[in-house]
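Results of the structural survey
Residue strings, one per chain:
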Amino acid sequence: MSTRDVLVIGAGAAGSAAAFHLAAAGQRVTLLEQNAHQTIKPCGGGMAAAVQEWFPFDLQSVVDEVIERVEFSWQLSDHVVADLQDSAPFWIVRREKLDALLTSHAIDAGAELLQPFRVKSLQRQEGVWQVTADDGRQLEARAVVVANGSQSAWPEALGLGPKTLHHASTMSVRLEGRGNLKTGSARFEFGLVHHGFAWAFPLAGGVNVGVGTFIGRNAADSDAVLEQLLPSLGFAPQAGKRQEASLRVWNGHQALHGDGVIAVGDAASLCDPFLAEGLRPALMSGCEAARCLNHWLNGDSNNLADYSQTMRQRWGDSMAWGKRIAQVFYRFPKVGYQLGIKRPTAPQRIAQILSGEMGYGDIAQRVIKRLLLQR
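Residues numbered from 1 in each chain as written. Predicted model: local features only at pLDDT ≥ 70, side-chain atom pairs only at ≥ 80, totals over all residues. Heavy atoms only, no water.

In this structure, F55, F72 and F190 are the most contacted members of the largest nonpolar core, which totals 112 residues. Looking at this core element by element, the count peaks at 11 residues for helix α5 (residues 279-297). Not counting residues within four places of it along the chain, the set of residues in contact with F72 comprises D78, H79, V80, A82, F188, F190, Y337, I341, P347 and I350. In terms of nonpolar packing, the next biggest core, distinct from the first, is built from 18 residues, V173, V207, L229 and L230 among them. (Core = buried A, V, L, I, M, F, W, Y, C linked by side-chain atoms within 4.5 Å. Buried < 20%, exposed > 50% of the residue type's maximum accessible area, 1.4 Å probe, protein only. Helix = DSSP H or I, 4+ residues; strand = E, 2+ residues; numbered from the N terminus. Contact = heavy atoms within 4.5 Å.)

Here it is, written out as structure tokens:
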């Protein structure tokens, strides 16, 4: 049995990004995807255009819309509008198209794709990872990237990521037609969802609507929320194809690496605990994982600790503040809306956070103090 350099479990955004950069660096990479066919993923699809700098090929071919305007509301009224034309662009993509593009470039760079391949067992013996599929196929590799999403069992089994998982409960709805959502506009509704919010992002020929709850154990009554929200967007209350999901969100600084193994994307619990941003940290982690693994495989470093440290500095430190903001904001959402979203500078700050120009740490102490004093 020939030994690969890296096996990547999961051909989503994070896994395919890692596979591309590793293959482009000359490593022997195999992508393992459990689904036989491409599936629609319950993801809003929003990401900062700044992620383009991490790839040598054009991502705009999979961009459905460029967001120039964001509308906020409280219980479908009390509107706030933010013009983002002078800010870093924010893109909306369909996840299945983005994932397919990244996977295609990974294959062109020399990566191998095995699909379907559902990993049944994963163990390390004498410095080599041994992977067995549920159909009995066996592979070996010097390193493994765990990139198979929020439902992955491998991070916990391998001691990667937070010891206590925190989940957001979400429902995503794909709608045909644009309703009354304006071209280049996105919508955030903060008043209808207990401990969370709802969103509407434009797609080519459609709209992606979501409902998410971010603190507490009970999911939102998404159907009841949608019965109110969808008509305000110009759709029938029961319209659209609906998908429920449980999404791991950031929940503390923990090692994301082990002996020859790294967790990336949702499997690493990197999703923003306040705004539910998941695509940018997924792509960031895939690219950083490839960089650190390439050094390690080439003998330029003794371990993969640099990956965990870099992700803490580039993402985790901001998310630690984001978690604190979320805990206060979603417990006192009306106060949060009045003192946060309705402040003249707030929409611009949100745009800067989503674009990566600013972290939560830059605003957290002022925001939390304001919310606690006024609750």
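Attention now moves to the sheet that holds strand β16 (residues 241-249). If you walk across this open sheet you meet the 7 strands as β6-β5-β13-β14-β15-β12-β16, and the pairing is mixed. The outermost strands of the open sheet, each flanked by one partner alone, are β6 (77-83) and β16. Each adjacent strand pair in this sheet contributes to an overall mean axis angle of 20 degrees, direction not counted. Here strand β12 (residues 166-176) runs beside strand β15 (residues 206-213); their pairing, made up of 8 bridges, is antiparallel. Each residue of the ladder has a partner; that of R174, found in β15, is N208. (Pairing = 2+ DSSP bridges. Axes fitted to C-alpha atoms, helices over the stretch in contact; angles between N-to-C directions.)

To continue, consider the packing of helix α1 (residues 13-24) against α5. The geometry of a pair of packed helices is captured by two quantities: the angle between their axes and the separation between those axes. In contact at an axis separation of 8 Å, α1 and α5 are set at 30 degrees when each is read in the N-to-C sense. Judged by the angle between their axes, α1 and α5 are roughly parallel. Where α1 crosses over α5, the handedness of that crossing is right-handed. Note on element contacts: α5 touches α1 through L279, A282, L283, S285, G286, C287, A290, L293 and N294, opposite A13, A14, A17, A18, H21 and L22. When its residues are assigned to classes, the contact of α1 with α5 shows 11 nonpolar, 4 polar and no charged. (Parallel < 35°, antiparallel > 145°, perpendicular 65-115°, else oblique. Left-handed = near helix turned anticlockwise from the far one by under 90°. Nonpolar A, V, L, I, M, F, W, Y, C, P; charged D, E, K, R; others polar.)

On to the packing of α5 against helix α6 (residues 305-329). Closest axis-to-axis distance for the α5/α6 pair is 10 Å, and the angle between their directions is 150 degrees. Relative to α6, α5 is oriented roughly antiparallel. Here α5 runs over α6; the crossing is right-handed. Taken together, the residues of α6 that come into contact with α5 (itself represented by R280, P281, M284, S285, E288, A289, R291 and C292) are D306, Y307, T310, M311, R314 and W315. Of the residues assigned to the contact of α5 with α6, the class counts are 7 nonpolar, 2 polar and 5 charged.

Relative to the helices and strands, L226 is located in helix α4 (residues 222-232). Spatially, the C-alpha atoms of L226 and D306 are 44 Å apart, while their sequence positions differ by 80 residues. With residues near it in sequence (within four places) discarded, L226 still touches M171, V173, V209, V211, P231, P237 and R242.

For α5, built from 19 residues, the straight-helix expectation of 27 Å at 1.5 Å per residue is met to within 8% by its first-to-last C-alpha distance of 27 Å. Of all the 19 residues making up α5, 17 are buried; the element is thus mostly covered by neighbouring parts of the structure. Where α5 ends, the next residue or the one after it, G299, has phi of about 80 degrees, a positive value. (Expected span 1.5 Å × (residues − 1).)

Attention now moves to the pairing of β6. In the sheet, strand β5 (residues 69-74) pairs with β6 via 5 bridges, with the strands oriented antiparallel. For V70, the partnering residue across the bridge sits in β6 and is A82. Counting the residues in the hairpin turn of β5 and β6 gives 2 residues, including Q75, whose phi is positive at 50 degrees.

For the rest of this paragraph, the subject is the sheet that holds strand β3 (residues 46-48). Strand order in the open sheet formed by 3 strands is β3-β7-β4, and the pairing between neighbours is antiparallel. Two strands close off the open sheet at either side, each with one partner strand: β3 and β4 (63-67). The average undirected angle you get between the axes of adjacent strands in this sheet is 35 degrees. In terms of strand pairing, β3 meets strand β7 (residues 90-93) through 3 bridges, oriented antiparallel. From the neighbouring strand, M47 faces β7, where its bridge partner is W91.

Applying the stated criterion across every chain, the model contains 18 aromatic pairs. Ring centres 5.8 Å apart and planes at 45 degrees place the aromatic pair F188 and F197 in the tilted group. Judged by relative accessible area, F197 falls into the buried class, the value being 1%. Pairing F197 with Y330 gives two aromatic rings, centres 6.4 Å apart and planes at 15 degrees, and the pair type is stacked. (Phe/Tyr/Trp six-rings, centres within 6.5 Å; stacked < 30°, edge-to-face > 60°.)

Fair warning: the whole summary comes from geometry, so function is off the table for now.
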